[in-house]
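Chain by chain, the residues run as shown.
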Amino acid sequence: MSNAEMLEIKNLTAGIEDNEILKGINLSIGAGEVHAIMGPNGSGKSTLASVLAGREDFEVTGGEVSFKGHDLLEMEVEERAREGLFLAFQYPVELPGVSMANFLKEAVNSVRSHRGQDALSAVEFIKLMKERAALVDLNPDLKKRAVNEGFSGGEKKRNEIFQLAMLEPSLAILDETDSGLDIDALRIVADGVNRLRSENRSFLVITHYQRLLNYIVPDFVHVLLNGRIVKSGGKDLALKLEEHGYDWIKEELDIAEPA
Amino acid sequence: MLGAALNGSNAFLHERRRSAVEEFERLGFPAPKDESYKYTRIGRLFQGEYAVDADAPPISQSQIDALEVPDLDAHRLVVVNGHFQPEHSRIGSLPPGVIAGGLQDASASHPDVLNRFVSKFTATDADPFEALNTAFVRDGIFIFVPRGKTVEKPFHILNLVSVKSPTLVQPRVVVAAESGAAVSVIESSVAVDSVSPTLNAVSELYADTDAFVDYYRLQLDHKAGTVVTTTNVYQQSTSNARTTTITLGGRVVRNNLRFLPDGEHCETHLMGLVVANGSMHVDNHTSVDHARPNCVSNELYKNILADQSTGVFNGRVLVRQDSQKTQAYQSNRAVVLSDDARMYSKPELEIYADDVMCSHGAATGRIDPESIFYLRSRGLSLEDARKMMLQAFSRDVTDSIRVAPLREYVDQLVRQRL
Amino acid sequence: MSSEKEFLQGVADSEYEYGFVTEIDADTAPRGLSEDTVRLIASKRNEPDWMVEWRLKAFRHWASLAEQKAYPRWAHLKYPDIDFQNISYYSAPNRKPKYNSLDEVDPEVLNTFERLGISLTEQKRLMGVAVDVVMDSVSVATTFKEELAKHGIIFCSFGEAIENHPELVQKYIGSVVPYTDNFYASLNSAVFSDGSFCYIPPGVRCPMELSTYFRINEAGTGQFERTLIIADKGSYVSYLEGCTAPMRDENQLHAAVVEIVAHEDAEVKYSTIQNWYPGNVRGEGGIYNFVTKRGICDGDRSKISWTQLETGSAITWKYPSVILKGNDSVGEFYSVAFTKARQQADTGTKMIHLGRNTSSTIISKGISAGESNNSYRGLVRISSKAENARNFSQCDSLLLGDRCGAHTFPYIEVNNSSGQVEHEATTSKVGEDQIFYCNQRGIGEAEAIKLIVNGFCKEILAELPMEFAVEAQKLLAIELEGSVG
């Protein structure tokens, strides 16, 4: 695939209690690349996102993950974030009473201090917020509100992309960011993401539907089935999936891998 | 001389009775400063002379039939002045192993079974009225459903009081469902042809593992009487216990309900409806002791208070230190219809575990004038609009009644009362 | 989440910052309480006969309660009976009981308050806050007196008020909290040593925040101050109170009384940051804080608002209340109570609705950590004459750790049909998913918990006057600091 490795997953297995969900994932993502992972419900898409972000509900039972040359699995959740891994949540959590401004100031300055940068001054910070909020057409009032509290579904998703813009990660994982969005909101979110694409920033877009990939055009598409990546290809693969569903792959597999 | 005491030759009951006498002597009737009787100064009602226990006077079959719940197909058990009346009862056929009948009889015929349940759950916060009942109880009802058995039809206990002079009547009901058993019990109490009746009733419900116990207490006409009831509910793991208390009569009514879900994954429901008028005083005092993790309790009480009536609600929810993942919800709502009616609410949440979801809400107010106006603008009379709103208010409770004819009947009674 | 555990442990154990002792000469009465003690206190303060008589009446009432051991026992608190004869009831931090200017104050005392972040001089002047400072039992300094006098505002120590404004003191003392009110109010009425007095004349909007700082310094003493605030017709005042005490391994008693009278159209806002020494991790030492605070909305359209941040004391027993007597009057209570280690708090409010169209709001946030117990106890009473009275109450509890307790005991009494009372309460813990979300944004456990706790308290902190809000946030942060931060 690519030379400059951002993320290298080797034979990763993980699950909850005795239930293995990821059964040997292999995936390489190069700098600046956009990868999409598609798969039916229960195939392990969100589990993969959670494991990469470090959610402790899942136990990693085997394999390796290196992120910009570091052993990702050894890192705490916040270390991964500070190192530049961002997860846009499928279900963003509400933090009652915690204002967006306070929350982001804490987050941005934690990340900056990790990178050896000075904390932003109040003025710089507000300027940055204003600028980045515009990227996803976020009402400036939203910043005064508590994190995700009373946000509509679409606002929550835009807020995730806004935070992505604020934290400037190296790798952004979008976990079904398109779910529950109407077409306008989807376009806004996708536009925001596209403007954040750069040669140093990679994306892992997890989705159920091909429609998001009309807006965020991926370099690679992978099909996740039953805890394994069973097929990889270009953006055309997504179209084929949309048209024919996943059954043809299952059939193909049955032939390719007889019981 | 009255009939023999309950214990007869039963040594266990004899011992329980003796210690209850001591306990009552120690506790006495609630003193004026007793916090748990803060809004119901009940002690003074027991200051006059009264007899303890009375024999059952003759009751005509038609008097009993008048108290039937229409269309209710049930195993009927009749109790008069605390004494089981087999000649008026219609128990019908029951699954094998099920015991249903007089407490006194059960004490003689099935002492081993009975002793497993009577007075087995004694709450930590001892209450004098429970002790008083245990000390002097003579008879009542015993219902036992063995392992895995379901009694399809509900039991209906008709609890009649008929006394010509101030008398303390003390029936006791013991309902036990072994593991996996299911039973519904309706206990309705009425005073007929009575002078100052005083009822001190105790019901003990026992739900073993996976058992289901659905219990309804209907408090109907009590002719200016004093009513104190105690309902103790003991639950083992994954059991489901429900109590519904409907209070429409009695001058002073105090209901103590105490729940101990003593196993994991128990489900507990407490529902209550009070419709009070005149100078009625109705005090519901509930306590749920979450002693084990992963249990759910859900409590809903509604009060409709007219004239000079008083409603009291005290709901204690205790979540002990290791009872993680407890979910306890409580809600108490009241509508006060006149300036002389009053409502006292005292929810108490005591929580010692951190991974819990607990909430309580209490609201007291009047019927929303806007809604009344809206209904009237659609052609309803003020009276009908009021009734409609109040019935809607009580519906959350009545709708939860699982026995359909009983639900109809209660709805009907509430409608009449309004 | 081991680091979360560690952090919470740290929170539970974190040290008290204001625990130093000031080495100064003090005039301290011998331990014990009798009529003679009461007379001694009065004579030290050169009080007039009427004051002495009032004290003695209070003492006799208290003595009869003490004899019957009629201590208030209904609160959700556990502590041994207090030996009232083993306490000194008077201590003045210098032999000179009164000061004409700050220059006369023992520099050690000034230094004490500097260390507490309370500058009695330049800094506060710049901030425009008038301060009365009470150390142990005596008011040591009141700033901005002349400035306030220009507006006709009286702001002085209680002692000076007795001397210079006896008619006001006589008229109002005990009018809201009578000396028979409760055990500790009786005790205070008998032995109170000083405190603050404030009178705002009709139509005057007090141009600055008034503030009292209380400090217990001497060992073996109790502190019994008394505050009286009178807001005359159409006036407004915002009043702040702060408290600290040294670390000692004995329990010290603080039994204060605050009375507020709001006349027609007057508004009083009373804010407290209570940070008395809470005792150590093992529950040794700390202040027993038994306080009676009550205001009366005497006139129509008057308003009294209590805001408190309670972080200190081994035991807090305190229910700032409002009697809503005037028609259309308003009562408010906003509270954050934070307990950790072995602290116990039983706090809340009483809203007594007497007048028509009166309304009250109660918002209480309890945060428990360590092995502490935190109870909300509140009474809302709508009397039969209080037509169209309204109350809204919300009590939320947040649990940090699994060995603490959070309890809610509301008492709701509605005596007429037009009253509307709503009460809501919730108990929850900081969610693991909330912490994960913060972590994923690069925020560490400790900071995440701080953010969430601050968010939880936000609507209360917003009620505090600006200068105080900053202080309050800092204090909360310190309380949460623990070993990690």
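For the structure itself, look to the data block above.
Source: prediction; values computed, not measured. (Residues numbered from 1 in each chain as written. Chains lettered and ligands numbered in written order. Predicted model: local features only at pLDDT ≥ 70, side-chain atom pairs only at ≥ 80, totals over all residues. Heavy atoms only, no water.)

Check the secondary structure of chain A and you find nine helices and 10 strands. Relative to the compact-globule value of 18 Å for 259 residues, chain A shows a C-alpha radius of gyration of 18 Å, a close match. If you line up chain A on its principal axes, its C-alpha atoms span 65 × 40 × 35 Å. Here chain A holds 259 residues, and the buried ones make up 53% of them. Of the contacts made within chain A by residues no fewer than 6 positions apart, 70% connect residues no fewer than 24 positions apart. With the model as given, the accessible surface of chain A reaches about 11600 Å², and the carbon-plus-sulfur share is 45%. (Helix = DSSP H or I, 4+ residues; strand = E, 2+ residues; numbered from the N terminus. Rg over C-alpha atoms; globule rule 2.2 N^0.38 Å. Buried < 20%, exposed > 50% of the residue type's maximum accessible area, 1.4 Å probe, protein only. Contact = heavy atoms within 4.5 Å. Areas by Shrake-Rupley, 256 points an atom, 1.4 Å probe, with all protein chains shown as cover.)

Our next topic: the sheet that holds strand E1 (residues 5–16) of chain A. The pairing of strands in a sheet happens through backbone hydrogen bonds and is either parallel or antiparallel. Residue and element names in this part refer to chain A. Pairing is antiparallel across the open sheet formed by four strands, whose spatial order is E2-E1-E4-E5. Looking along the sheet, the strands with just one partner apiece sit at the ends: strand E2 (19–30) and strand E5 (70–71). Bridge count between E1 and strand E4 (residues 59–67): seven bridges; the pairing is antiparallel. Paired with Glu8 across the strands is Ser66, a residue of E4. (Pairing = 2+ DSSP bridges.)

Right, let's talk about helix H1 (residues 45–53) of chain A for a bit. Residues and elements named next belong to chain A. Counting buried positions along H1 yields eight of nine residues, so the element is predominantly enclosed. Burial in H1 covers these residues: Lys45, Thr47, Leu48, Ala49, Ser50, Val51, Leu52 and Ala53. A positive phi of about 100° marks Gly54, the residue just after H1.

Turning our attention to the environment of Ser113 of chain A. Residue and element names in this part refer to chain A. Tracing the chain through its elements places Ser113 in helix H3 (residues 100–114). Taking the relative accessible area as the measure of exposure, Ser113 reaches 53% and is therefore exposed. Distance from Ser113 to Arg82, taken between C-alpha atoms, is 8.8 Å for residues 31 residues apart in sequence.

In this assembly, 32 residues from chain A lie in contact with 19 residues from chain C. Between chain A and chain C, the buried area comes to about 2100 Å², and carbon and sulfur atoms account for 62% of it. When the area that chain A buries against chain C is broken down by residue, the three leading residues are Glu78, Val93 and Glu106 of chain A, summing to 22%. Viewed at the interface, chain C and chain A are joined by one salt bridge. Put simply, Arg441 of chain C and Glu160 of chain A hold a salt bridge, and the shortest N to O gap is 2.5 Å. Run the count over chain A and chain C and you get 11 residue pairs in polar contact (both at pLDDT 80 or more). If you list the elements that add at least two residues to the side of chain A that touches chain C, you get helix H2 (77–83), strand E6 (85–88), H3 and helix H5 (153–167) of chain A. Take the side of chain A that touches chain C: its biggest share by element is six residues, from H3 of chain A. Among the residues making up the side of chain A that touches chain C, the classes are represented as 17 nonpolar, seven polar and eight charged. (Buried area = accessible area lost by both parts, 1.4 Å probe. Salt bridge = Lys/Arg side-chain N within 4 Å of Asp/Glu carboxyl O. Polar contact = N/O pair within 3.5 Å; in protein donor to acceptor, adjacent residues only side chain to side chain. Nonpolar A, V, L, I, M, F, W, Y, C, P; charged D, E, K, R; others polar.)

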